[in-house]
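Residue-level structural notes
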Amino acid sequence: MKLEDFYFKMPKLKTEPIIDDTTLRDGIQMPGLAVGPKDAARIAQLLSETGVERLELFHYQEPDKKATKLIHGLKLDCRIAGWCRAVKEDVDSAIDLGFNEVGISHPVSHIHFNAKWPDKTSEQLLAKMVDVVEYAAKDHGLRVFVHGEDSTRADWEFEKQWVNAVADAGAECYRICDTVGIGLSDPAASVVNGIPAKVKALKNETRIKALEIHAHDDFGNAVENTMAAVRAADGVWEKIYLSTTYLGIGERAGNAETEKVLLNLYLHYGVMKYLGKTQKLKETADFIGKATGYVIPPNKAIVGDYGFSHESGIHAHGIINDPWTYEPYPPELVGNIRRLTIGKQSGKGGIKHKIIELSGKAPSDEQLAKVVERVKEIYANGRRASLKEEEFKKILRALNLLPEANGN
């Protein structure tokens with residue numbers, strides 16, 4: 001079997017997807033996470049190596065400023081953008097730190113307007129936004145993305161007016177922000193929260209030059225909504241930016257995972273610019289987890305430690321004979337490894353394979369039976385977790401299937 005037997009089957013996309021990773025902005029807003037400047041720079045480097053083409057950064061606190069300077073100094077093969085509120089002071093901060101482009105964020109739904117600015121009209125808020133966009137784009141020559149916060153709960157007629165106004169003010173790209181994750185990938189959904197409908201309506205009814213999707217995962221649909229935006233943009237938009245975070249970290253339930261979107265684009269849609277880069281996905285995940293304090297769920301798709309782990313007898317038997325039986329692609333493709341773990345569900349085949357792996361020789365039937373019996377005894381006494389490798393080795397040593405550990 002080879003990848004080409006199952007993947008790279010879809011017609012070539014007639015839009016260019018561009019991953020715009022916001023791990024170092026939205027991602028580190030997740031409660032309990034933080035990252036130092038040097039680690040932030042290393043994260044940026046790893047993200048660039050995996051195929052991310054644009055990075056979004058905070059730049060307000062002193063550690064963020066230090067990180068920004070370090071990242072600029074790396075001369076990465078990707079664009080670096082500063083995230084700004086709709087105030088000129090934020091734009092000035094970005095300019096001072098050497099950013100050539102910014103993302104300016106402002107709500108577009110009346111839910112936010114009424115809650116945050118009850119004394120201002122929609123027209124006043126739009127006028128303020130236009131002023132800041134013109135300041136960044138026309139007065140200072142910055143590339144400007146406008147982030148339409150809560151786009152999927154906005155009045156479409158007003159949002160359309162908003163997008164055209166910022167486009168005329170110099171904004172290059174509009175970001176659909178599915179801020180509370182209620183977007184729908186169904187083409188039949190309305191233009192308010194239907195991602196396909198909104199992607200197409202923004203092309204047909206506004207003057208904005210480029211589009212981006214930023215999906216939150218409150219319903220577990222962030223990756224699906226991001227991919228729905230790609231499908232809707234196909235043949236409609238020349239390119240589409242995909243705002244993601246690594247491991248999906250971020251506010252509340254987080255965002256669309258960079259690694260999931262990237263692998264879907266590569267394998268299912270044949271986006272070949274990621275060829276040779278997916279092998280960095282696991283390394284990048286592990287470093288981000290360590291650097292930020294995020295505990296990666298072991299069963300996390302693609303990059304989790306259990307992503308290619310097999311324990312039950314049926315699965316272990318299949319994997320031993322042919323890994324394609326229970327794996328969608330080789331773990332090496334994403335920098336992960338295959339693990340055969342020993343636990344309550346393990347059968348003789350899996351245990352025998354593990355013995356051979358550790359000792360280099362096959363056990364006799366009698367020896368195998370003794371090991372199986374010892375494993376069953378452990379789980380009969382209430383053990384739930386899989387055996388650590390050293391625990392299994394201890395069993396083998398007790399049965400003289402492995403030499404005693406060297407104490408030196």
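Anyway, here's the lowdown on the structure attached to this text. (Residues numbered from 1 in each chain as written. Predicted model: local features only at pLDDT ≥ 70, side-chain atom pairs only at ≥ 80, totals over all residues. Heavy atoms only, no water.)

**Thoughts on the nonpolar core**
With 99 residues, the main nonpolar core has I104, V144, W162, Y174 and Y329 as its most contacted residues. Ranked by residue count, the leading element in this core is helix α5 (residues 122-139), at nine residues. The contacts of Y174, once residues within four sequence positions are left out, are V108, V146, G148, S151, E159, W162, V163, L202, I208, A210, L211 and E212. By size, the runner-up hydrophobic cluster in this structure holds 16 residues, among which are I342, V372, V375 and L401. (Core = buried A, V, L, I, M, F, W, Y, C linked by side-chain atoms within 4.5 Å. Buried < 20%, exposed > 50% of the residue type's maximum accessible area, 1.4 Å probe, protein only. Helix = DSSP H or I, 4+ residues; strand = E, 2+ residues; numbered from the N terminus. Contact = heavy atoms within 4.5 Å.)

**Re the sheet that holds strand β2 (residues 54-57)**
Around the barrel, eight strands lie side by side as β1-β2-β3-β4-β5-β6-β7-β8; this closed barrel has parallel pairing. Direction aside, neighbouring strands of the sheet carry axes that sit 25° apart on average. Relative to strand β8 (residues 239-244), strand β7 (residues 210-215) runs parallel, the two sharing four bridges. Bridging across to β8, I213 finds its partner in L242. Each of β6 (173-178), β7 and β8 touches helix α8 (residues 222-233); the most contacted strand, β7, lies at about 160° to it. Taken strand by strand, helix α9 (residues 258-268) contacts β1 (16-21) and β8, and its axis lies near 165° from that of β1. (Pairing = 2+ DSSP bridges. Axes fitted to C-alpha atoms, helices over the stretch in contact; angles between N-to-C directions.)

**Description of the side chain of D90**
Looking at the secondary structure, you find D90 in helix α3 (residues 88-96). The class of D90 is buried, set by a relative accessible area of 3%. In this structure, D90 is in contact with H59, Y60, C84 and R85, ignoring residues within four places of it in sequence.

**Some details on the pattern of salt bridges**
Pairing is possible between side chains that carry opposite charge, provided their charged atoms lie close to one another. Overall, the coordinates contain 37 salt bridges when judged by the stated rule. The partner of E159 in a salt bridge is K198, with the nearest N and O atoms 2.7 Å apart. On the criterion of sequence distance, the pair formed by E159 in helix α6 (residues 156-168) and K198 in helix α7 (residues 195-205) is long-range, its members being 39 residues apart. Exposure remark for E159: the relative accessible area of 0% places this residue in the buried category. Note that E205 is salt-bridged to K160, the shortest N-O span being 2.9 Å. Of this pair, E205 sits in helix α7 while K160 sits in helix α6, placing them 45 residues apart in sequence. We classify K160 as buried; its relative accessible area is 17%. Taken together, the shared-partner salt bridges in this structure form one network comprising D20, R25, D26, R54, E56, R79, E101, R175 and E212. (Salt bridge = Lys/Arg side-chain N within 4 Å of Asp/Glu carboxyl O.)

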